[in-house]
Amino acid sequence: MAQLNIPLEKFGSIRTPFYFYDVALLKETLSEVARLEKAHHFDVHYAVKANVNDRILEIINEAGLGADCVSGNEVSRVIGIGFPSEKVVFAGVGKTDREIETALSHNIFGFNCESIQEVQVINSIALNNNKRANVSIRINPNVDAKTHKHITTGLEENKFGINLTDLDAVLEVIKASKGIDFKGLHFHIGSQVTDMSRFLELCSRINDVSSLLEQKGIEVEHINAGGGLGIDYHDPHKNCIPNFAEYFNVFNKNLKLKPGQKLHFELGRAIVGQCGVLVSRVLYEKAGKKKNFLILDAGMSELMRPALYQAYHLIGNLTSKSMEQNEYDVVGPICETTDSFGQNILLPKSSRGDLFAIYSAGAYGQVLSNRYNLRDVPEVIYSDRI
Ligand SMILES: *Cc1c(COP(=O)(O)O)cnc(C)c1O
């Protein structure tokens, strides 16, 4: 059984706060993804924005996954790491001319285009550079991911993708664009999706759009179903590897692929989320009028998710031996009221100096860290190089 290992005995001399990555768990997660990818003949791209650490990218590249990028710098980074350019896709609603040129210069697998105007711009940049751009169109499927509203992307009110009402118009533009080769369809409904019925609905929407294009005599070589598979933030120990088999099965059973069509995925959180832990120390215990506060030396500058989308992370005291349980608000040192990791958390009696783990911090953790309050950049520790 895979598990998350925290080598507490080696943490003593490391200055907190720091990010810890369990490399063995990451590798096991990747081998499960690679196994299923092979069995189903899918192509899985790692959504790079979830964690861009070189070491993590190297390990993911070694596992044979492609890369899904949302900026020109991400494209350059993964190419620099050694990802084969034919496995790199580039999405995002606001690609700059320079980013498009960068991606074209690396001959990436393709662009996932999010507006009619973007298709036109990519075409003219490709022609100016004597290149051809492989383009898939990102369709807004109007499927509710039933996740937090700040990480929902596939509804008509979201800025992402092209609405079906604009499908004919975008296909016209593509047809008239000499610098563009149409490759297929792209979708992404949102992140931290745990209800498989959401992906089932996505499948049926993809089937509809795909048939629509078939009726129009347009060949769709590639279908990209995006990412979004959620992780268990409540029990990262028990479910340290997400249920990829169940997820892929939804698509395998319900998506009607035509002969020769290739199905792609872009998973971020599900791949790197559980292998990362933010380790911090208690600076102070403070008994408030209504609350007991534990003030940690990590805050929203290291892990922004709770402040950004009221995200839940399991918090554990790694060192207390106390049998007494207390309720605490676990907060950071930053001058913001939202700088809190959790309210009314039941924990063993905790004291100044205790080491704390904030679990499931591998995705959208370190990448979102910043130097607000001129904070130090946290150290990064890998389990196999400690
Ligand atoms: C962020 C993103 C993903 C990955 O989402 P996860 O929830 O981390 O799997 C995939 N595709 C696109 C286009 C994205 O923007």
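Treat the numbers as computed from the prediction; the structure is a model and nothing was measured.

### Digging into the layout of surface pockets
Next, step 1: The computed volume of the largest pocket comes to approximately 710 Å³.
Next, step 2: Lys49, Val70, Phe160, His188 and Tyr364 are the residues nearest the centre of the largest pocket, which is lined by 35 residues in total.
Next, step 3: Mapped onto the lining of the largest pocket, the elements with two or more residues apiece are strand E10 (262-267), helix H9 (269-272) and helix H10 (305-309).
Next, step 4: The class makeup of the residues in the lining of the largest pocket is 15 nonpolar, 12 polar and eight charged.
Next, step 5: Two domains each provide a minimum of three residues to the lining of the largest pocket, namely domain 1 (23-272) and domain 2 (274-385).

### Examining the domain arrangement of the chain
Next, step 1: With domains assigned, the chain is organised as domain 1 (23-272) and domain 2 (274-385).
Next, step 2: A C-alpha centroid distance of 33 Å is found between domain 1 and domain 2.
Next, step 3: Each side of the interface is counted separately: domain 1 has 25 residues, and domain 2 has 22 residues.
Next, step 4: Summing both partners gives a buried area of about 2,300 Å² for domain 1 against domain 2, and 55% of it is carried by carbon and sulfur.
Next, step 5: Considering only the side of domain 1, the residues that lose the most area to domain 2 are Arg55, Tyr233 and Val272, jointly responsible for 26% of the buried surface there.
Next, step 6: The tally of links between domain 1 and domain 2 comes to one salt bridge.
Next, step 7: Where Asp384 meets Arg55, a salt bridge forms, and the shortest distance between an N and an O atom there is 2.8 Å.
Next, step 8: Our count for the domain 1 to domain 2 interface comes out at 13 residue pairs in polar contact (both at pLDDT 80 or more).
Next, step 9: Taken together, the elements giving at least two residues each to the side of domain 1 that touches domain 2 come down to helix H1 (23-40), helix H2 (54-62) and H9.
Next, step 10: Considering each element in turn, the side of domain 1 that touches domain 2 owes the most residues, four residues, to H1.
Next, step 11: Partitioned by chemical class, the residues of the side of domain 1 that touches domain 2 number 13 nonpolar, eight polar and four charged.

### Details of the site of the ligand
Next, step 1: Around the ligand, 14 residues are found, and the nearest of them are Lys49, Ser191, Glu266, Arg269 and Tyr364.
Next, step 2: Note that an oxygen atom of the ligand is positioned 2.8 Å from one of the side-chain N or O atoms of Lys49.
Next, step 3: One of the backbone nitrogen or oxygen atoms of Arg269 is found 2.8 Å away from an oxygen atom of the ligand.
Next, step 4: In the complex, the protein chains occlude 94% of the 390 Å² of accessible area that the ligand would expose alone.
Next, step 5: Among the cavities detected, the one that contains the ligand is the largest pocket.

### A few points about the nonpolar core
Next, step 1: Counting residues in hydrophobic clusters, the biggest one holds 110 residues, and the most contacted among them are Phe111, Ile137, Phe251, Ile271 and Val330.
Next, step 2: Once residues lying within four places of it in the same chain are set aside, the contact partners of Ile271 are Leu26, Thr29, Leu30, Val33, Tyr46, Ile60 and Leu65.

### Considerations on H1
Next, step 1: Compared with an ideal rise of 1.5 Å per residue, which puts 18 residues at 26 Å, H1 spans 26 Å between its outermost C-alpha atoms and is within 8% of the ideal.
Next, step 2: Within the sequence span of H1, burial applies to Val23, Leu25, Leu26, Thr29, Leu30, Val33, Leu36, Glu37 and His40. All buried residues of H1 fall inside an arc of 160 degrees around its axis, so they share one side. Across from the buried face of H1, at angles greater than 90 degrees, the exposed residues are Lys38 and Ala39.
Next, step 3: The opening residue of H1 is Asp22, an N-cap whose side-chain oxygen sits 3.1 Å from the backbone nitrogen of Ala24.

### Concerning the side chain of Ser360
Next, step 1: Structurally, the position occupied by Ser360 is in the loop between strand E16 (355-358) and strand E17 (379-382).
Next, step 2: Among the polar contacts listed, one links the side chain of Ser360 to the side chain of Gln274, at a separation of 2.7 Å.
Next, step 3: Discounting chain neighbours no more than four positions away, the residues touching Ser360 are Ile231, Asp232, Tyr233, Pro236, Gly273, Gln274, Gly276 and His313.

### Some thoughts on the packing of helix H5 (residues 116-128) against helix H6 (residues 167-176)
Next, step 1: Relative to each other, H5 and H6 sit at 5 degrees, their axes nearing to 9 Å. On the basis of their axis angle, the class for H5 and H6 is roughly parallel. Facing H5, whose interface residues are Ile116, Val119 and Gln120, H6 presents Ala169, Val170, Val173 and Ile174.
Next, step 2: For the contact of H5 with H6, the per-class residue count stands at six nonpolar, one polar and no charged.

Scoring rules and cut-offs
Residues numbered from 1 in each chain as written. Predicted model: local features only at pLDDT ≥ 70, side-chain atom pairs only at ≥ 80, totals over all residues. Heavy atoms only, no water. 1 Å grid on protein atoms, 1.4 Å probe; cavity = no way out; pocket = protein on both sides within 12 Å on 5 of 7 lines; lining within 4 Å. Points joined across faces, edges and corners; volume = space filled by probe spheres on them. Helix = DSSP H or I, 4+ residues; strand = E, 2+ residues; numbered from the N terminus. Nonpolar A, V, L, I, M, F, W, Y, C, P; charged D, E, K, R; others polar. Domains from an automatic or database assignment. Contact = heavy atoms within 4.5 Å. Buried area = accessible area lost by both parts, 1.4 Å probe. Salt bridge = Lys/Arg side-chain N within 4 Å of Asp/Glu carboxyl O. Polar contact = N/O pair within 3.5 Å; in protein donor to acceptor, adjacent residues only side chain to side chain. Near = heavy atom within 4 Å. Areas by Shrake-Rupley, 256 points an atom, 1.4 Å probe, with all protein chains shown as cover. Sits in = over half its atoms within 2 Å of the grid points. Core = buried A, V, L, I, M, F, W, Y, C linked by side-chain atoms within 4.5 Å. Buried < 20%, exposed > 50% of the residue type's maximum accessible area, 1.4 Å probe, protein only. Expected span 1.5 Å × (residues − 1). Arc of directions from axis to C-beta. Axes fitted to C-alpha atoms, helices over the stretch in contact; angles between N-to-C directions. Parallel < 35°, antiparallel > 145°, perpendicular 65-115°, else oblique.

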